[in-house]
Amino acid sequence: MNRTDFLKILALMPFAGGAMNLKELNKLTSEFESTETMPVLFLGHGSPMNALQQNEFSKGWQDAGKSLPTPKAILCISAHWETKGTFVTAMAKPKTIHDFGGFPKELHEFQYPAPGSPELADDVKGIVKKTSVQSDHNWGLDHGSWSVITHLYPGANIPVIQMSMDYTKDPLWHYELAKDLSVLRQKGILIMGSGNIVHNLHRADWNTQGGFDWAIEANEKVKKLILENNHNSLINYHLLGKEVQLAVPSPEHYMPLLYVLGLKQDKETPMLFNDKTELGSISMTSVKLTN
């Protein structure tokens with residue numbers, strides 16, 4: 001089958017908002033030509049101060065960046081952008097959002113001037129069938145993305161867009177939506193989720209170097225399920241016991257993990273790194289999926 005026939009067949013397939021026409025499909029295939037399957041990352045981002053620090057976690061992100069093929073663009077699902085409905089940043093020059101308080105002036109002045117990609121935003125809107133994705137021109141890059149991407153690509157030379165998480169939807173819905181994005185992995189796009197498996201700020205102790213017993217137990221339980229590819233249990237995390245309920249008191253930092261797992265291919269084996277819990281109740285455990 002040649003490329004023209006392939007495009008004609010795809011044009012008949014239903015997409016959100018109606019059939020995707022040949023012009024839109026040609027745009028997707030011409031602007032982001034086919035590549036080998038890109039890895040997928042879940043990054044436990046922790047404190048935004050990691051953006052400025054050279055520590056074991058920033059080194060882990062730097063090493064991960066060196067191990068990756070150079071992406072054409074990055075699509076990030078961050079714990080820090082929840083919306084009613086699903087949106088994608090569509091501006092050419094996204095601003096650096098300092099969505100926190102009480103940190104040093106140096107962090108509040110930090111800029112990560114990566115370009116955006118209106119073209120990739122349009123492609124995301126076209127390929128997602130689960131829901132209607134809307135363009136956003138106001139958000140930018142929040143610290144869930146730039147605090148880690150600055151270590152992956154310190155030159156800020158890779159276009160970055162963010163996709164929001166619809167807070168009205170359940171975990172299975174987010175997991176299934178991620179599958180719509182899988183075609184981007186063959187177009188040179190690095191998809192990453194940024195959050196934390198264990199994230200309970202109300203229980204955090206800034207003087208604690210490791211993790212509380214319940215936090216370590218919850219992190220170990222989730223890691224085991226990740227390595228066993230038991231996605232059903234991870235989707236229904238609220239059934240995993242009181243330790244996981246303490247680890248995930250609200251879903252926003254956990255949901256990016258489900259996006260990454262939803263993109264996993266059959267033959268891929270998850271690799272864990274930055275596998276440590278700090279401040280008592282924050283796990284930095286990160287996951288890489290690659291063939």
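Since this is a predicted model, take the numbers as computed values, not measurements. (Residues numbered from 1 in each chain as written. Predicted model: local features only at pLDDT ≥ 70, side-chain atom pairs only at ≥ 80, totals over all residues. Heavy atoms only, no water.)

### Some remarks on the overall build of the protein
Scanning the protein from terminus to terminus reveals 11 helices and 14 strands. Burial statistics for the protein: of 291 residues in total, 56% are counted as buried. Long-range pairs, those at least 24 residues apart, make up 81% of the contacts in the protein between residues at least 6 apart in sequence. When the accessible surface of the protein is split by element, carbon and sulfur atoms take 52% of a total near 12,800 Å². (Helix = DSSP H or I, 4+ residues; strand = E, 2+ residues; numbered from the N terminus. Buried < 20%, exposed > 50% of the residue type's maximum accessible area, 1.4 Å probe, protein only. Contact = heavy atoms within 4.5 Å. Areas by Shrake-Rupley, 256 points an atom, 1.4 Å probe, with all protein chains shown as cover.)

### Structural notes on the packing of aromatic side chains
Scanning the model with the defined rule gives six aromatic pairs in all. Ring centres of F212 and W214 lie 6.4 Å apart, and the angle between their planes is 35°; this geometry places the pair in the tilted category. Judged by its relative accessible area of 25%, F212 falls in the partly exposed class. Overall, W214 belongs to the buried group, its relative accessible area being 16%. Grouping aromatic residues by their ring pairs yields a cluster made of F100, F103, F110 and W146. (Phe/Tyr/Trp six-rings, centres within 6.5 Å; stacked < 30°, edge-to-face > 60°.)

### Remarks on the sheet that holds strand β11 (residues 271-273)
Reading across the sheet, the six strands line up as β8-β4-β10-β3-β14-β11 and stay open at both edges, with mixed pairing between neighbours. Among the strands making up the open sheet, the edge pair consists of β8 (160-162) and β11. Neighbour-to-neighbour, the strand axes of this sheet turn through a mean angle of 20°, independent of strand direction. Examined bridge by bridge, strand β3 (residues 40-44) and strand β10 (residues 189-195) share five bridges and lie parallel to one another. Residue pairing in the sheet places F42 in a bridge with G193 of β10. Sitting on the sheet, helix α3 (residues 56-67) is in contact with β3, β11 and β14 (286-289), with an inclination near 145° to β11. On top of the sheet, helix α6 (residues 143-152) reaches β3, β4 (73-78), β8 and β10; it is set at about 125° to β10, its chief contact. (Pairing = 2+ DSSP bridges. Axes fitted to C-alpha atoms, helices over the stretch in contact; angles between N-to-C directions.)

### Observations regarding the confidence of the model for the protein
Per-residue confidence for the protein averages 91 on the pLDDT scale, and 89% of its residues sit at or above 70. Predicted confidence is poor over residues 1-26, with pLDDT under 50, and the contacts of this stretch with residues over four places away or in other chains come to 31 contacts. (pLDDT = per-residue confidence, 0-100.)

### Things to note about the packing of α3 against α6
Contact pair α3 / α6: the axes reach a minimum separation of 7 Å and the direction vectors enclose 60°. In terms of orientation, α3 and α6 fall into the oblique class. Crossing angle aside, the handedness with which α3 passes α6 is right-handed. Of the residues in α6, those in contact with S58, W61, Q62, A64 and G65 of α3 are S147, V148, H151 and L152. Classifying every residue of the contact of α3 with α6 gives four nonpolar, five polar and no charged. (Parallel < 35°, antiparallel > 145°, perpendicular 65-115°, else oblique. Left-handed = near helix turned anticlockwise from the far one by under 90°. Nonpolar A, V, L, I, M, F, W, Y, C, P; charged D, E, K, R; others polar.)

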